Amino acid sequence: MATTKICLITGVGPGTGAALVKRFADAGYTIAMIARNEERLNDLATNVANTHAFPCDVSDERALKDCVGKIQSDLGAPEIVIHNAVGGAFGSFLDVAPKTLELNFKINTMALLHLAQLTVPAMIENGHGVILGTGNTSAYRGKANFAAFAPTKAAQRILLESIARHAGPQGVHAAYVAIDAVIDVPRMREMLPDQPDEFFCKPTDIADECYRIAHQPRSAWSSDVVIRPFGENW
């Protein structure tokens, strides 16, 4: 009897999150979708086969643990986990409220830790599995106006590296996918109407790359990946 493949995705919004859901669902996965917006999740579940809505605020440790427990009970143990939820804010270290940095840390880093602790042990037991985090170049540099954001993304990337060093030799592929780009969603198009098409990174292309990384052969795993549009300055 065929085994159902479960993929858990957090941060299912209208851009990258929805694209990830569709890409992995098209490949035959049953998708557990996590986001705060229940209405959006239900719309996706109605329109994309084999997708299931699990509304949750990933910054709430107890709620996230309960949510993952329900996913495991209702669908089974995820063999792929993608932490796409993101908390962000702009401001220098003099401007940002400490509570803002704390909240972003809960969303970006602590939620990843909780997800890993809740799902990776089963992957290790089975001898295979994937945990991915989506991020951006704030994980590699602390620009002046990103004081409430960059520290949490850097910690997120390093946490995934630590997971990779521990779980990789036991068959679990852990990788970080940094998106050095403005993602092509209607809100950003409205904010940047004069930018050419090549300035934006397509959510479907991001999803394709995440899918490719999640299915790499063991002899050539990527662990730290940066993607950007060809028109991006860097």
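One can find the structure itself at the top, above this paragraph.
On a predicted model such as this, the values are computed, not experimentally measured, just so you know.

(A) Layout of the overall build of the protein chain. A tally of regular secondary structure across the protein chain gives seven helices and nine strands. Taken over C-alpha atoms, the radius of gyration comes to 17 Å for the protein chain, in line with the 17 Å a tight globule of 234 residues would show. Expressed as a percentage of its 234 residues, the buried residues of the protein chain come to 49%. By sequence separation, contacts in the protein chain at least 24 residues apart represent 66% of the contacts at least 6 residues apart. As displayed, the protein chain has an accessible area near 11600 Å², and 52% of this comes from carbon and sulfur atoms.

(B) Broad picture of helix α5 (residues 150–167). If you check α5, its first and last C-alpha atoms are 25 Å apart, about what 18 residues at 1.5 Å a residue would give, namely 26 Å. Those residues of α5 lying buried are Ala-150, Thr-152, Lys-153, Gln-156, Arg-157, Leu-159, Leu-160, Ile-163, Ala-164 and Ala-167. Looking at the buried side of α5, the elements it contacts are β4 (80–83), α4 (98–126), β5 (129–135), β6 (172–179) and β9 (224–227).

(C) Just the packing of α4 against α5, in detail. Here α4 crosses α5 at 15°, and the two axes come no closer than 9 Å. By the angle class used here, α4 and α5 are roughly parallel. The way α4 lies across α5 gives a crossing that is right-handed. Contacts between α4 and α5 involve Leu-101, Asn-104, Phe-105, Asn-108, Thr-109, Leu-112, Leu-113, Ala-116, Val-120 and Ile-124 on the former and, on the latter, Pro-151, Thr-152, Lys-153, Ala-155, Gln-156, Leu-159, Leu-160, Ile-163 and Ala-167. Broken down by class, the residue content of the contact of α4 with α5 amounts to 13 nonpolar, five polar and one charged.

(D) Just the side chain of Gln-216, in detail. Looking at the secondary structure, you find Gln-216 in the loop between α7 (203–214) and β9. For Gln-216, the side chain forms a polar contact with the main-chain nitrogen of Ser-222, separated by 2.7 Å. Not counting the four nearest positions on each side in its chain, Gln-216 is found in contact with His-173, Trp-221 and Ser-222.

(E) Region of interest: the layout of surface pockets. Taken as a whole, the largest pocket spans an internal volume of roughly 1700 Å³. Lining the largest pocket are 45 residues; nearest its centre among them are Val-86, Asn-136, Phe-149, Ile-183 and Arg-187. Within the residue set of the lining of the largest pocket, elements represented by two or more residues are α1 (16–26), β2 (30–35), α4, β5, β7 (182–183) and α6 (186–191). Take the lining of the largest pocket: its biggest share by element is four residues, from α6. Class assignment for the residues of the lining of the largest pocket results in 22 nonpolar, 14 polar and nine charged.

(F) Structural detail: the pairing of β4. Along β4, one buried face is formed by Ile-80 and Ile-82 and the opposite face, lined by Val-81 and His-83, is buried too. In this structure, strand β1 (residues 6–10) lies alongside β4, joined through three bridges in parallel fashion. If you follow Leu-8 over to β4, its bridge partner there is Val-81. Taken together, the four bridges between β4 and β5 define a ladder with parallel strand orientation.

(G) Here's a closer look at the sheet that holds β4. Overall, parallel pairing links the seven strands, which are arranged β3-β2-β1-β4-β5-β6-β9 in an open sheet. Every interior strand has two partners, whereas the edge strands, β3 (51–55) and β9, have only one. The sheet shows a mean angle of 20° between the axes of neighbouring strands, taken without regard to direction. For β5 and β6, the ladder comprises seven bridges, and the chain directions are parallel. Of the residues in β6, the one forming a bridge with Gly-133 is Tyr-176. Contacts from helix α2 (residues 38–47) reach β2 and β3 within the one sheet, and its direction differs from that of β3 by about 170°.

(H) Examining the pairing of β5 more closely. Among the seven residues that make up β5, seven are buried, leaving the element largely enclosed by the rest of the structure. Viewed along the sheet, the connection from β4 through α4 into β5 turns out right-handed. The parallel pair β5 and β6 is bridged by α5, and the resulting crossover is right-handed.

(I) How the structure looks around unusual backbone geometry. With a phi angle near 60°, Asn-50 is a residue other than glycine that sits in the positive phi range. Mapping Asn-50 onto the fold places it in the loop between α2 and β3.

Scoring rules and cut-offs
The residue numbering used here restarts from 1 in each chain and proceeds along that chain's sequence as written. For a predicted model such as this one, the threshold for reporting local features is a pLDDT of at least 70, and the threshold for listing and counting side-chain atom pairs is 80 or more; totals across whole chains, interfaces and linings nevertheless cover every residue. To get the side-chain values, take all heavy atoms of the structure and skip hydrogens and water. Strands here are runs of E lasting at least two residues and helices are runs of H or I lasting at least four, both read from the DSSP assignment and numbered beginning at the N terminus. In this treatment the radius of gyration is a C-alpha quantity, and the globule benchmark scales as 2.2 Å times the residue count to the 0.38 power. Between buried and exposed lies partly exposed: a residue is buried under 20% and exposed over 50% of the maximum accessible area for its type, with that area taken using a 1.4 Å probe on protein chains only. A contact between two residues is defined here by any heavy atoms of the two lying within 4.5 Å. Working definition of accessibility: Shrake-Rupley area with a 1.4 Å probe, residue cover restricted to the visible protein chains. A helix's residues, less one, multiplied by 1.5 Å, set its expected span. In this description, a line fitted to the C-alpha atoms serves as the axis of each element, helices being fitted only across the stretch in contact, and the angle between N-to-C directions of two axes falls anywhere from 0 to 180 degrees. For classification, angles of less than 35 degrees are called roughly parallel, those exceeding 145 degrees roughly antiparallel, those between 65 and 115 degrees roughly perpendicular, and all remaining angles oblique. It is the rotation of the near helix from the far one that decides the hand of a crossing: anticlockwise by less than a right angle makes it left-handed, clockwise makes it right-handed. Ten residues, namely Ala, Val, Leu, Ile, Met, Phe, Trp, Tyr, Cys and Pro, are considered nonpolar, four, namely Asp, Glu, Lys and Arg, are considered charged, and the remaining ones, Gly among them, are considered polar. N or O atoms within 3.5 Å of each other form a polar contact, as long as, within protein, one can give a hydrogen and the other can take it, and as long as residues adjacent in sequence are counted only when both atoms are side-chain atoms. Think of a 1 Å grid over the protein atoms and nothing else: a 1.4 Å probe that fits but is trapped marks a cavity, an open set flanked by protein within 12 Å on at least five of seven lines marks a pocket, and residues with an atom within 4 Å of a point count as lining. Grid points are joined across faces, edges and corners, and a volume is the space filled by probe spheres set on the points. When DSSP finds two or more bridges between two strands, those strands count as paired. When the strands point away from the viewer and the connection leading from the first strand across the helix to the second strand turns clockwise, the crossover is called right-handed.

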